[in-house]
There are 2 protein chains.
Amino acid sequence: MAGSSVKPTPILKDELDIVIPTIRNLDFLEMWRPFFEQYHLIIVQDGDPSKIIKVPDGFDYELYNRNDINRILGPKASCISFKDSACRCFGYMVSKKKYIYTIDDDCFVAKNPSGELINALEQHIKNLLSPSTPFFFNTLYDPYREGADFVRGYPFSLREGAPTAVSHGLWLNIPDYDAPTQLVKPRERNTRYVDAVLTVPKGTLFPMCGMNLGFNRELIGPAMYFGLMGDGQPIGRYDDMWAGWCMKVICDHMGWGVKTGLPYIWHSKASNPFVNLKKEYKGIYWQEDLIPFFQSAVLPKECVTVQQCYIELAKQVKEKLGKVDPYFIKLADAMVTWIEAWDELNSSGEKSSKSTSK
Amino acid sequence: MAGSSVKPTPILKDELDIVIPTIRNLDFLEMWRPFFEQYHLIIVQDGDPSKIIKVPDGFDYELYNRNDINRILGPKASCISFKDSACRCFGYMVSKKKYIYTIDDDCFVAKNPSGELINALEQHIKNLLSPSTPFFFNTLYDPYREGADFVRGYPFSLREGAPTAVSHGLWLNIPDYDAPTQLVKPRERNTRYVDAVLTVPKGTLFPMCGMNLGFNRELIGPAMYFGLMGDGQPIGRYDDMWAGWCMKVICDHMGWGVKTGLPYIWHSKASNPFVNLKKEYKGIYWQEDLIPFFQSAVLPKECVTVQQCYIELAKQVKEKLGKVDPYFIKLADAMVTWIEAWDELNSSGEKSSKSTSK
């Protein structure tokens, strides 16, 4: 059963890419060196292509700037955000690996309550390689962790679990607050280390943050589109949220799980709340329509690949959210373009589907 | 917003009863004395009425044995289990208080990671007095705790939260495992202190354990029926589970929240797995029908009190689970008897209803 035989965590060296949207901070990679050096990095530069990002020696990486994105995607590059970290999803598309870990450059290595440095990537790998429990809640949290199991009353037929598509990690120090909360609580820091991983239940939406996020690209990659944000767009800071809501509706449809909790990273600095308010304010009221939309979104049985689900969702976005603001019509078109570009770059014909066991 | 002003926790001395099913262990109350002495105890003796339960001096208590239950309820006493801790729900019925805390006599005071004794009751009161968030998942757990809040992307319209009906606490040391897991993992102990409280999302079922449980009796009391277990019944150890599934379906219908997580108690000893297996084995396979039943149960809009919801649920149990085993026909009848008895003893006419704000 669950935690009965504890094996060392595989490191997935040849199966995982780390995607980073721009690196403005030279300390960032040095701090992560012991944990990241053995992996391949994909850096997606969000702003001016003429600026040079200096990657320290010893890292294996590829770097894409706007010119590269335009060259590779041609007219389809329009679906990738400009001057916004949402551009990171281009990295998901060009990766050829099974797993992705994405992290922001203001996220440093955190310590656990015993003072040990946390290997965030190792915990994400544990989360992604063990099943999820989306169909019934386990009160002792992830039953597949060492020292834990399913509690009395947990149906035996559900103990095999579901494939895990996403591992959502958290943040010590600066919590991921919206601009109004940042403004109201400028001094709040997250000091609570919650030693838990849990599955977000089926049918439940959550705010997925892109700061510290792992996922199974082969399963859910095509749903991880970070939308149209930044330069020329009416909102920002909803890129990861958008991806999270689309992804969750699709995972629920496909029978896959999403975990949240460990690992923590140390979020070093708060972004400017005034700038954030400007980026967020439309999102704050649009969201009141978006959540009921995603809560009631139903995908037809005929959608058996993530691509089919995503195209169907784009159709529903256009139909139902187009009335909220013309932005969503543009976004729905970009969602379709994203899938076309994804399929072009991932032309092996392999599609994540319900019938494939992975 | 959420944690911005931290007030001392009220102790609810005149608003809370502690319900204990039998006390076989004299150390139990002594250990809890500093935390329980100021409250009123309701002890419900589960077995032979001629056995005397010695309550140490200084406790304010009332004690009911089977003779008392028969005398007070008359023929309706048939709905109260005999020789099983499920009889504790009689205590919920005779209480006149707004809140109930129920605990087993093999549960001792636990310590937090700093080595301090945990006042479980205080944490349950915090949980019950602060709202729940059943409609959207907050990744930093209970946003109403000190040092926490709603994260970016949490809809503002949902930040007022919902009334909290139930606070489900956990167990260090001996985890609440079923007989098969006990047999397979005889040495497993729960040593992981997870510093979190969270709302079980709407639409999600969980295994509610009655060992360490607080609830708002005025809101959800009539749904807290622990069923027919023990002497003369084909199953045991599903009393709290049954209550939990019925309660959760009704809370979801009423728009109320259920929290799980802190506080921990120290569960001192495992019950006999062989005895447990005998009690559980029918439940283990019946459960495979029960869970889909509760997951798909819908209560009509016309049900606006917990009593109405519960009677409707009893009807559906009879119709749909009666086919699984005749036991469920008997149980459905007992559910109706329970509500009749509840209303008889709580005749002020006050009923928990959607329109009442509490």
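Cut-offs used in this document
- Residues numbered from 1 in each chain as written.
- Chains lettered and ligands numbered in written order.
- Predicted model: local features only at pLDDT ≥ 70, side-chain atom pairs only at ≥ 80, totals over all residues.
- Heavy atoms only, no water.
- Core = buried A, V, L, I, M, F, W, Y, C linked by side-chain atoms within 4.5 Å.
- Buried < 20%, exposed > 50% of the residue type's maximum accessible area, 1.4 Å probe, protein only.
- Contact = heavy atoms within 4.5 Å.
- Helix = DSSP H or I, 4+ residues; strand = E, 2+ residues; numbered from the N terminus.
- Pairing = 2+ DSSP bridges.
- Least-squares fit on C-alpha atoms with pLDDT ≥ 70 in both.
- Patch = residues over 30% accessible without salt bridge, like charges linked within 9 Å, V, L, I, M, F, W, Y side chains within 5 Å.
- Areas by Shrake-Rupley, 256 points an atom, 1.4 Å probe, with all protein chains shown as cover.
- Salt bridge = Lys/Arg side-chain N within 4 Å of Asp/Glu carboxyl O.
- Buried area = accessible area lost by both parts, 1.4 Å probe.
- Polar contact = N/O pair within 3.5 Å; in protein donor to acceptor, adjacent residues only side chain to side chain.
- Nonpolar A, V, L, I, M, F, W, Y, C, P; charged D, E, K, R; others polar.
- UniProt positions renumbered as here; feature names shortened; annotations may be inferred.

### Comments concerning the nonpolar core
One finds A:Phe36, A:Ile220, A:Trp242, B:Phe36, B:Ile220 and B:Trp242 to be the most contacted residues of the largest nonpolar core, which totals 244 residues. Excluding anything up to four places from it in sequence, A:Phe36 contacts A:Ile18, A:Phe28, A:Leu29, A:Leu41, A:Phe59, A:Tyr101, A:Ile103 and A:Leu121.

### Here's the deal with the pairing of strand E8 (residues 212-216) of chain B
All names here are of chain B. Judged by how many residues are buried, E8 sits mostly within the fold: 5 of 5 residues are covered. What you see with E8 is no split at all: Asn212, Gly214 and Asn216 on one side and Leu213 and Phe215 on the other are buried throughout. As paired elements, strand E4 (residues 99-103) and E8 share 5 bridges and run antiparallel to each other. Considered in E8, the bridge of isoleucine 100 is made with phenylalanine 215. In the sheet, strand E6 (residues 164-173) pairs with E8 via 3 bridges, with the strands oriented antiparallel. What sits directly across from valine 166, in E8, is phenylalanine 215.

### A look at helix H1 (residues 26-36) of chain B
Since the α-helix turns once every 3.6 residues, residues separated by three or four places project in the same direction. Looking only at H1(B), the buried set comprises B:Phe28, B:Leu29, B:Trp32, B:Arg33, B:Phe35 and B:Phe36. Taken together, the buried residues of H1(B) touch strand E1 (16-21), strand E2 (40-44), E4, strand E5 (107-108), helix H4 (120-129) and strand E9 (257-267) of chain B.

### What to know about the relation of the copies chain A and chain B
Note that the two copies of the chain are related through a rotation about an axis and a translation along the same axis. When chain A is brought onto chain B, the operation consists of a screw motion whose angular component is 180° and whose axial shift is 0.0 Å, with 0.0 Å RMSD remaining. In symmetry terms, the pair is related by a two-fold rotation axis. By C-alpha distance to the rotation axis, the residue of chain A lying nearest is A:Val194, at 2.8 Å.

### Let's talk about a nonpolar patch on the surface
Residues and elements named next belong to chain A. Taken together, Leu183, Val184, Phe274, Leu277, Tyr281 and Tyr285 make up a surface patch of nonpolar side chains, about 610 Å² in accessible area. The leading source of residues in the nonpolar patch is helix H8 (residues 273-296), at 4 residues. Following the sequence through the fold, tyrosine 281 ends up in helix H8.

### Here's the deal with the interface of chain A and chain B
If you look at the interface, chain A gives 62 residues, while chain B gives 62 residues. For the chain A and chain B pair, buried surface summed over both sides reaches about 5200 Å², with 58% attributable to carbon and sulfur atoms. For chain A, the biggest contributors to the area lost against chain B are A:Phe137, A:Arg152 and A:Arg192; these three give 16% of the whole. Counting across the chain A and chain B interface gives 10 salt bridges. The salt bridge involving A:Arg152 is made with B:Asp176; its shortest N-O contact spans 2.9 Å. Taken together, the links from chain A to chain B amount to 27 residue pairs in polar contact (both at pLDDT 80 or more). Of all elements in the fold, only strand E6 (164-173), helix H5 (179-184), helix H7 (239-254), strand E9 (257-267) and H8 of chain A reach the threshold of two or more residues within the side of chain A that touches chain B. Taken together, the residues that form the side of chain A that touches chain B break down as 31 nonpolar, 14 polar and 17 charged.

### Remarks on the UniProt feature "site: Required for activity" (unreviewed entry) in chain A
Sites flagged by UniProt as "site: Required for activity" (unreviewed entry) map to A:Arg152 and A:Arg159. Along the chain, A:Arg152 turns up in the loop between helix H4 (120-129) and E6. The buried category is assigned to A:Arg152, whose relative accessible area is 6%. Here the side chain of A:Arg152 touches B:Arg237 through a polar contact of 2.8 Å, landing on its backbone oxygen.

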